[in-house]
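Okay, here's what each chain looks like letter by letter:
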Amino acid sequence: MSTDLAVGPTGSFVDGEWVEAGEHFAVLDPSTGGVLAEVADVGPEVARAAMDAAARAQAGWAATSPRERAAVLRAVHDRLLERTESLATLMSLEMGKPLAEARGEVAYGAEFFLWFAEEAVRLHGSFGPSPSGASRIVTSRRPVGPVLAITPWNFPLAMAARKVAPALAAGCTVVLKPAELAPLTSLELAGLLAEAGLPDGVLNVVTTTRPAEVTGPLLGDPRLRKLTFTGSTAVGRQLLADAAPRVLRTSMELGGNAPFVVLEDADVERAIDGAMIAKLRNVGQACTAANRFLVHESVADAFVDGLADRMAVSVVGAATDPATDVGPVISAPALEKIAGLVDDAVAHGARVVTGGRRLDGGGFYYAPTVVADVPETARIAAEEIFGPVAAVSTFATEEEAFQRADGTEFGLAAYVYSADLDRALRFAERLETGMVGVNQGVVSDPAAPFGGMKASGLGREGGPTGIDEYLETQYVAVPRA
Ligand code: NAD
């Protein structure tokens, strides 16, 4: 371990019990490259036991009154906030995000439990006459049933909270499979939910390095009623195919390629402030991270120079060091990929303005980087960078900016900067993206619907409709005598 902080449970969590395995896998601290913990590497039989537990607990949890379900979620919210420091430190250690951001993620993750505690008591149906007056239309909503939730490593608490909180609020039980790169926070969350009074079997956590082998059989299990996945588009496509034979309900939060458009009338300083957040938050490892900076040619020099100056003085270091602005990226392969994308951009004629190199320090560090004059033929213009690298290119007309911004198979997030709010809104309304930041560099709020269009996903998480992903609607027709 790289610190003396307890890393918490390291077994899987099934039916209220911690489950060990013969095999273990190492969770690395990306700040040092050292081993942080050894976690149980379970196989399909443990996933099956988790499914058994979720199926057994389903009827009881669905029958638990909405007030009681809400009370558990509120207690989880309070406990998460009470434990902000230890949870934030755990996330910084297993994932590498700077401590201040990890504290923010605890607040963000906790808010999902509060938001959905409040939604749990408002799951109403409807009752009314049919248009002909011949019958009554009665609708009711009920939990869809046991859910398989598969999460990525980049927001270890928030990605689990965004699925688990609405599922539990709706009355569903859950089998959660966190990413093998950062599973510890999900295990901590499971323990905390149990402490808050969640009955055994309602939330189960399965840790494994063999995700397809372990979750594949669950997708074929008739007791499973819902798959909710956050991760790459490639894996999402595979899971959609795997879910098709049973016509399993699915929600997909997939990859992005967010454009960050700076129109010629934008406040450039404000755009740079937004770019720092949209690019460096989570060390650039967010699905909503600005991936392509499209800047009007008349303000491009000011934007590029200003952004490069700010990036050059960002402090890169260990995630738990309070002085750190930018931590390590998640792993050695991630570092390789980022370096490869920058090298490829340079080979295609792009210019490194600042950064453009790996940094020493034992862990997986890449210097905050601005590459300008990026041609559309460079891989960095089309692929998710998932690192602290801003790729900038210029445009001459608003229409050109729009065509390039929207000309991707992805449609998760976009950012538009203009001093003319009406113009920025018109631009935003044309974009096929699920979320748009207008003159701001971050688009996440538990009270807002989060999700993508096109190959970025299916469904929305959070907001007033987030719970719908976990509910079935039944219509009962009753004649009017
Ligand atoms: P990933 O797709 O490699 O893995 C995500 C999860 O799926 C992990 O738990 C992994 O173990 C599991 N998995 C992988 N293959 C599987 C299979 N065949 N069957 C079942 N499970 C499988 O993604 P990642 O590297 O963990 O996360 C980064 C990606 O997630 C990026 O593309 C990012 O844009 C995306 N993401 C999207 C959102 C969103 O809300 N749209 C949020 C965060 C991250």
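Conventions we followed
- Residues numbered from 1 in each chain as written.
- Predicted model: local features only at pLDDT ≥ 70, side-chain atom pairs only at ≥ 80, totals over all residues.
- Helix = DSSP H or I, 4+ residues; strand = E, 2+ residues; numbered from the N terminus.
- Rg over C-alpha atoms; globule rule 2.2 N^0.38 Å.
- Buried ≥ 20, exposed ≤ 12 C-beta atoms within 10 Å, placed from the backbone.
- Contact = placed C-beta atoms within 7 Å.
- Pairing = 2+ DSSP bridges.
- Axes fitted to C-alpha atoms, helices over the stretch in contact; angles between N-to-C directions.
- Near = placed C-beta within 6 Å.
- Nonpolar A, V, L, I, M, F, W, Y, C, P; charged D, E, K, R; others polar.
- Domains from an automatic or database assignment.
- Parallel < 35°, antiparallel > 145°, perpendicular 65-115°, else oblique.
- Left-handed = near helix turned anticlockwise from the far one by under 90°.
- UniProt positions renumbered as here; feature names shortened; annotations may be inferred.
- Expected span 1.5 Å × (residues − 1).
- Arc of directions from axis to C-beta.

K.L.:
Whenever I open this one, the overall build of the protein confuses me. Can you help?
P.N.:
Counting its regular elements, the protein contains 13 helices and 24 strands. In summary, the protein has a C-alpha radius of gyration of 23 Å against a globular reference of 23 Å for 481 residues, a match within 12%. Summarising its shape, the C-alpha atoms of the protein cover approximately 70 × 65 × 40 Å along the three principal directions. Here the protein holds 481 residues, and the buried ones make up 54% of them. Nonlocal contacts in the protein, meaning residues at least 24 apart in sequence, comprise 73% of its contacts between residues at least 6 apart.

K.L.:
So what exactly am I meant to see when it comes to the pairing of strand β3 (residues 24-28) here?
P.N.:
Here β3 runs beside strand β4 (residues 35-40); their pairing, made up of 5 bridges, is antiparallel. Directly across from His-24, in β4, lies its bridge partner Ala-40. As consecutive antiparallel partners, β3 and β4 are separated by 6 residues, and within that stretch Gly-33 has a phi angle of approximately 80°, a positive value.

K.L.:
Can you help me understand the sheet that holds strand β24 (residues 471-479) in this one?
P.N.:
Note on sheets: strands pair through backbone hydrogen bonds, and any given pair is parallel or antiparallel. One open sheet holds the 3 strands; their spatial order is β5-β6-β24, and the pairing between them is antiparallel. Whereas interior strands pair on both sides, the edge strands pair on one side only; in this sheet they are β5 (126-129) and β24. Here the average twist between neighbouring strands, direction ignored, is 15°. Across 4 bridges, β5 lies against strand β6 (residues 135-143) in antiparallel orientation. Pairing of Ser-126 across the sheet is with Thr-139, part of β6.

K.L.:
Explain the site of the ligand to me, please; I cannot follow it from the model alone.
P.N.:
In the region of the ligand, 27 residues are neighbours, and Pro-152, Gly-231, Ser-232, Glu-253 and Cys-287 sit closest. Secondary-structure elements contributing two or more residues to the shell around the ligand are α7 (211-219) and α8 (233-243). The residue inventory of the shell around the ligand, partitioned by class, reads 12 nonpolar, 11 polar and 4 charged. Three or more residues apiece are contributed to the shell around the ligand by two domains, here domain 1 (12-254 + 456-475) and domain 2 (258-438).

K.L.:
How should I be thinking about the environment of Phe-25 in this particular structure?
P.N.:
Here Phe-25 shows up in strand β3. Distance from Phe-25 to Thr-208, taken between C-alpha atoms, is 8.0 Å for residues 183 residues apart in sequence. Each residue touching Phe-25, except ones within four places of it in the same chain, is listed here: Val-39, Asp-41, Glu-180 and Thr-209.

K.L.:
Quick question: what am I supposed to make of the environment of Asp-420 here?
P.N.:
Within the element layout of this structure, Asp-420 appears in the loop between β20 (413-417) and α13 (421-430). Considered as a pair, Asp-420 and Phe-293 are 127 residues apart in the sequence and their alpha carbons are 19 Å apart.

K.L.:
Looking at this structure, I do not really get the domain arrangement of the protein. What am I missing?
P.N.:
Often, the extent of an interface is quoted as the loss of accessible area upon association of its parts. Domain annotation of the protein identifies domain 1 (12-254 + 456-475) and domain 2 (258-438). The interface of domain 1 with domain 2 comprises 17 residues on the first partner and 23 residues on the second. Residue contributions to the side of domain 1 that touches domain 2 peak at 4 residues, all from helix α3 (residues 84-95). Residue composition of the side of domain 1 that touches domain 2, by class: 7 nonpolar, 8 polar and 2 charged.

K.L.:
Whenever I open this one, the packing of helix α2 (residues 66-82) against helix α6 (residues 184-195) confuses me. Can you help?
P.N.:
Angle between the axes and distance between the axes: these two values describe a pair of packed helices. Orientation of α2 relative to α6, taken along the N-to-C sense of each, is 125°, at an axis distance of 9 Å. Here α2 lies oblique to α6, going by the angle between them. For the pair α2 and α6, the sense of crossing is right-handed. Touching Val-76, Arg-79 and Leu-80 of α2 are Leu-192, Leu-193 and Glu-195, all from α6. A class-by-class count of the residues in the contact of α2 with α6 yields 4 nonpolar, no polar and 2 charged.

K.L.:
What am I meant to see in the UniProt feature "active site" (unreviewed entry) in the protein here?
P.N.:
Here, UniProt's "active site" (unreviewed entry) annotation points to Glu-253. When near neighbours in sequence (up to four residues on either side) are disregarded, Glu-253 contacts Thr-230, Gly-451, Gly-457 and Glu-461.

K.L.:
Explain unusual backbone geometry to me, please; I cannot follow it from the model alone.
P.N.:
For residues that are not glycine, phi is negative in most cases, and the peptide bond is trans in most cases. Unusually for a residue other than glycine, Asp-15 sits at a positive phi of about 55°. Residue position: Asp-15 is located in the loop between β1 (12-14) and β2 (17-19). Assessed through the 17 C-beta atoms surrounding it within 10 Å, Asp-15 is described here as partly exposed. At Asn-282, a residue that is not glycine, the phi angle is positive and equals roughly 60°.

K.L.:
I'm lost on the sheet that holds β20 in this one. Help?
P.N.:
Strand order in the open sheet formed by 7 strands is β14-β17-β18-β13-β12-β20-β21, with mixed pairing between adjacent strands. Of all the strands in the sheet, the pair left with one neighbour each is β14 (351-354) and β21 (435-438). Neighbour-to-neighbour, the strand axes of this sheet turn through a mean angle of 25°, independent of strand direction. Pairing geometry for strand β13 (residues 290-296) and strand β18 (residues 389-395), over 4 bridges, is parallel. From the neighbouring strand, Phe-293 faces β18, where its bridge partner is Val-392.

K.L.:
It is not clear to me how helix α11 (residues 332-347) should be interpreted in this structure. Could you clarify?
P.N.:
Because each turn of an α-helix spans 3.6 residues, side chains separated by three or four positions in sequence point in the same direction. Between its first and last C-alpha atoms α11 spans 22 Å; for 16 residues at 1.5 Å apiece the expected length is 22 Å, and the two agree. Along α11, the positions that sit buried rather than exposed are Ala-334, Leu-335, Ile-338, Leu-341, Val-342 and Ala-345. Seen along its axis, α11 keeps its buried residues to an arc of 130°; they face one direction. In α11, those exposed residues whose orientation departs by more than 90 degrees from the buried face are Pro-333 and Ala-347. Contacts made by the buried residues of α11 are with β15 (358-359), β16 (365-366), β17 (369-372) and β18.

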